[in-house]
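# A closer look at the structure
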Amino acid sequence: DSGVTQTPKHLITATGQRVTLRCSPRSGDLSVYWYQQSLDQGLQFLIQYYNGEERAKGNILERFSAQQFPDLHSELNLSSLELGDSALYFCASSPGPDLVYGYTFGSGTRLTVV
Amino acid sequence: GQNIDQPTEMTATEGAIVQINCTYQTSGFNGLFWYQQHAGEAPTFLSYNVLDGLEEKGRFSSFLSRSKGYSYLLLKELQMKDSASYLCAVEAGNNRKLIWGLGTSLAVNP
């Protein structure tokens, strides 16, 4: 157990729908990162939050949004889902705003859009 | 542009040594990470190199040459459980984002 908790582990939904993925960072970590991993694209950085504020943005689609709450858990919202959104979505956390010794990843949410 | 290259697949024999290479071209460089990822699982941290040279950690070692934009991960005394994907990632730029390679899938055969 890495200490980073992601729910749900698996999600199957239809095209056009909206889903919410949840992440609780490791105790004491203030930064949360969201990643998408598909077979052909590898790990793609989506967005980072630090202590409730958006800190960095990667290749996140406009249909996707995220936030970090006062208790530091984070949610990634995916809307108007397309078949191509099927992927593993990882959350990772780190103590501070910048990387020093890497992230701790959660076990991921496998999203299947049918 | 930003680019990280790793071999797609490698095969090795149990008990042997394997070297996984990573070359990178990025805007700025702050450090290089190696992660291990078993199929369907989360990546786990292996090593972090900032300065040139070899960092040894048990059966795993990581080497960095900043001038050549090159790193390798060396795995010794291979075990079956080392069968996994190995991801190279570079921390680059003022915003210190991680740029990930696509990973090298290593198969360890008996």
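For the structure, see preceding data.
Computed from a prediction, not measured in an experiment: that's the story for all the values here. (Residues numbered from 1 in each chain as written. Chains lettered and ligands numbered in written order. Predicted model: local features only at pLDDT ≥ 70, side-chain atom pairs only at ≥ 80, totals over all residues. Heavy atoms only, no water.)

What follows concerns the sheet that holds strand β8 (residues 74-78) of chain A. All names here are of chain A. Pairing within the open sheet is antiparallel, and its 4 strands lie in the order β1-β3-β8-β7. Of all strands in the sheet, those bounded by a partner on one side alone are β1 (5-7) and β7 (64-68). Adjacent strand axes in the sheet meet at a mean angle of 15°, parallel and antiparallel pairs treated alike. Sheet topology places β7 next to β8; 5 bridges connect them, and they run antiparallel. Note that in β8 the partner of glutamine 68 across the bridge is serine 74. (Pairing = 2+ DSSP bridges. Helix = DSSP H or I, 4+ residues; strand = E, 2+ residues; numbered from the N terminus. Axes fitted to C-alpha atoms, helices over the stretch in contact; angles between N-to-C directions.)

Moving on, we come to the sheet that holds strand β1 (residues 3-5) of chain B. All names here are of chain B. Taken in spatial order, the 5 strands line up as β1-β3-β8-β7-β6 in an open sheet, and their pairing is antiparallel. The open sheet has two free edges, formed respectively by β1 and β6 (53-57), since each of these has just one partner strand. Pairwise comparison of adjacent strand axes, ignoring direction, gives a mean angle of 15° for this sheet. As paired elements, β6 and strand β7 (residues 60-65) share 5 bridges and run antiparallel to each other. Bridged to glycine 53 within β7 is leucine 64.

All chains considered together, the criterion is met by 2 disulfides over all chains. Covalently, cysteine 23 of chain A is tied to cysteine 91 of chain A through a disulfide, its sulfur atoms 1.7 Å apart. Between cysteine 23 of chain A and cysteine 91 of chain A, the S-S dihedral sits near -45°, and the bridge is therefore left-handed. Highlighted residues: cysteine 23 of chain A in strand β3 (residues 19-24) and cysteine 91 of chain A in strand β9 (residues 87-94), separated in sequence by 68 residues. We note that cysteine 23 of chain A, like cysteine 91 of chain A, is buried. Cysteine 22 of chain B shares a disulfide with cysteine 88 of chain B; S-S distance 2.0 Å. On the S-S bond that ties cysteine 22 of chain B to cysteine 88 of chain B, the torsion sits near -65°, and the link is left-handed. Here cysteine 22 of chain B is found in strand β3 (residues 18-25), whereas its partner cysteine 88 of chain B is found in strand β9 (residues 84-92), with 66 residues between them in sequence. For the pair shown, cysteine 22 of chain B and cysteine 88 of chain B are each scored as buried. (Disulfide = S-S within 2.5 Å. Buried < 20%, exposed > 50% of the residue type's maximum accessible area, 1.4 Å probe, protein only.)

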